[in-house]
Amino acid sequence: IPSVGYSTPDNYEGMSLVWQDEFDGDNLNQANWKHEVGGSGWGNNELEYYQAENTVVRDGLLIITAKKESVGGKEYTSSRIITQGKQEFQYGRVDIRALVPKGQGIWPALWMLGNNITTVDWPKCGEIDIMEMIGGPGKDNTVHGTVHWDNAGTHASDGGKLSLTDGKILADEFHVFSIVWTPISITWFIDDVQYQVMDTSPPERSEFQNKFYFIFNVAVGGNWPGSPDASTTFPQQMAVDYIRVFQHN
């Protein structure tokens, strides 16, 4: 795992650091995270079985590993961790420094869901995708930032993307994936470069005025990335150096 890459400060003028996980120590902090386990496909026809064993914390990093191994009737394993019921936030700046994996069928995500999902279901709870990457040749260089919501009973979404140039891919080094979320907008950044902004003020986008929790996972296969092929190598790892949440004073 290369250590090089972009970093962001641990303070911003006019804002306070309200929560962080620097992934120090030897174990996932149970005060912050819990595992979602299983092989349901999660609505996307994914091919992995999520299990706790694919998560480790070492050398100041959270590492989620996707492996080609059969568990629970699935051909691949990985991990999916969430802060639901533990760390939930409304508005602020979120910085996540991460090294993403690569390859056809590999789908890492750093994202958020509304904490009322248990009562209103998706997409009425709202979804904020801070970083998604759909792996594969010609795609390993592109970060996607997206939101999903319910618009009069219909799933609606809006998003943007940014592609690295000069032959670089996201897996080459650490990047910082950020959002700045206010009562009127969500703005996406990679390494402090803005690439997408969405107006959240219309009444039909009221989902984004609620508290959200975080989800980190590496999916394998699914409707969007498609399945791995002969070019995909395993294991694949996503390493997260830190997550930090700042809110205005």
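Refer to the structure above for everything that follows.
Conventions used here
Residues numbered from 1 in each chain as written. Predicted model: local features only at pLDDT ≥ 70, side-chain atom pairs only at ≥ 80, totals over all residues. Heavy atoms only, no water. 1 Å grid on protein atoms, 1.4 Å probe; cavity = no way out; pocket = protein on both sides within 12 Å on 5 of 7 lines; lining within 4 Å. Points joined across faces, edges and corners; volume = space filled by probe spheres on them. Helix = DSSP H or I, 4+ residues; strand = E, 2+ residues; numbered from the N terminus. Nonpolar A, V, L, I, M, F, W, Y, C, P; charged D, E, K, R; others polar. Phe/Tyr/Trp six-rings, centres within 6.5 Å; stacked < 30°, edge-to-face > 60°. Buried < 20%, exposed > 50% of the residue type's maximum accessible area, 1.4 Å probe, protein only. Lys NZ or Arg CZ within 6 Å of the ring centre and 35° of its normal. Contact = heavy atoms within 4.5 Å. Pairing = 2+ DSSP bridges.

Enquirer: Explanation requested: the layout of surface pockets in the structure shown.
Expert: Over the atoms rolls a probe the size of a water molecule, and in doing so it shows where empty space is left. Volume-wise, the largest pocket comes out at about 490 Å³. Looking at the largest pocket, it is lined by 23 residues, and the ones nearest its centre are Trp 42, Asn 44, Arg 80, Trp 111 and Glu 127. Broken down by secondary-structure element, the contributors of at least two residues to the lining of the largest pocket are strand S10 (106–114), strand S11 (127–132), strand S12 (142–151) and strand S17 (212–220). Looking at side-chain class alone, the lining of the largest pocket contains 11 nonpolar, 6 polar and 6 charged residues.

Enquirer: I keep staring at the packing of aromatic side chains and nothing clicks. Help me out?
Expert: One pair of aromatic rings is described through two measures. These are the centre distance and the angle between the planes. Applying the stated rule across the entire model yields 14 aromatic pairs. Centre to centre, the rings of Trp 33 and Phe 216 are 4.8 Å apart; their planes meet at 45°, and the pair counts as tilted. Of this pair, Trp 33 sits in the loop between strand S1 (15–21) and strand S2 (34–35) while Phe 216 sits in strand S17; the two residues are 183 residues apart in sequence, bridging distant segments of the chain. Its relative accessible area of 0% is what places Trp 33 among the buried residues. Site record: aromatic cluster; members linked through ring pairs are Trp 19, Phe 23, Trp 33, Phe 89, Phe 214 and Phe 216. The ring of Trp 42 is capped by Arg 80, whose NZ or CZ atom sits 4.1 Å from the centre of that ring. Over the face of the ring belonging to Tyr 242 we find Arg 244, whose NZ or CZ atom lies 3.5 Å from the ring centre.

Enquirer: How do you make sense of the side chain of Thr 187 when you look at a structure like this?
Expert: Examined against the element boundaries, Thr 187 turns out to sit in strand S15 (residues 185–190). Not counting the four nearest positions on each side in its chain, Thr 187 is found in contact with Ser 178, Ile 179, Val 180, Gln 194, Gln 196 and Val 197.

Enquirer: I tried to follow the pairing of strand S5 (residues 61–71) on my own but got confused; where do I start?
Expert: The two faces of a sheet get side chains in turn, since along a regular strand they alternate between them. Bridging between strand S4 (residues 55–58) and S5 involves 4 bridges; their strand directions are antiparallel. What sits directly across from Thr 55, in S5, is Ile 64. The loop that links S4 with its antiparallel partner S5 comprises 2 residues; one of these, Asp 59, has a positive phi angle of about 55°. Bridge count between S5 and strand S18 (residues 236–248): 5 bridges; the pairing is antiparallel. Note on S18: the bridge partner recorded for Thr 65 is Gln 237. Counting the residues in the hairpin turn of S5 and strand S6 (residues 74–78) gives 2 residues, including Gly 72, whose phi is positive at 60°.

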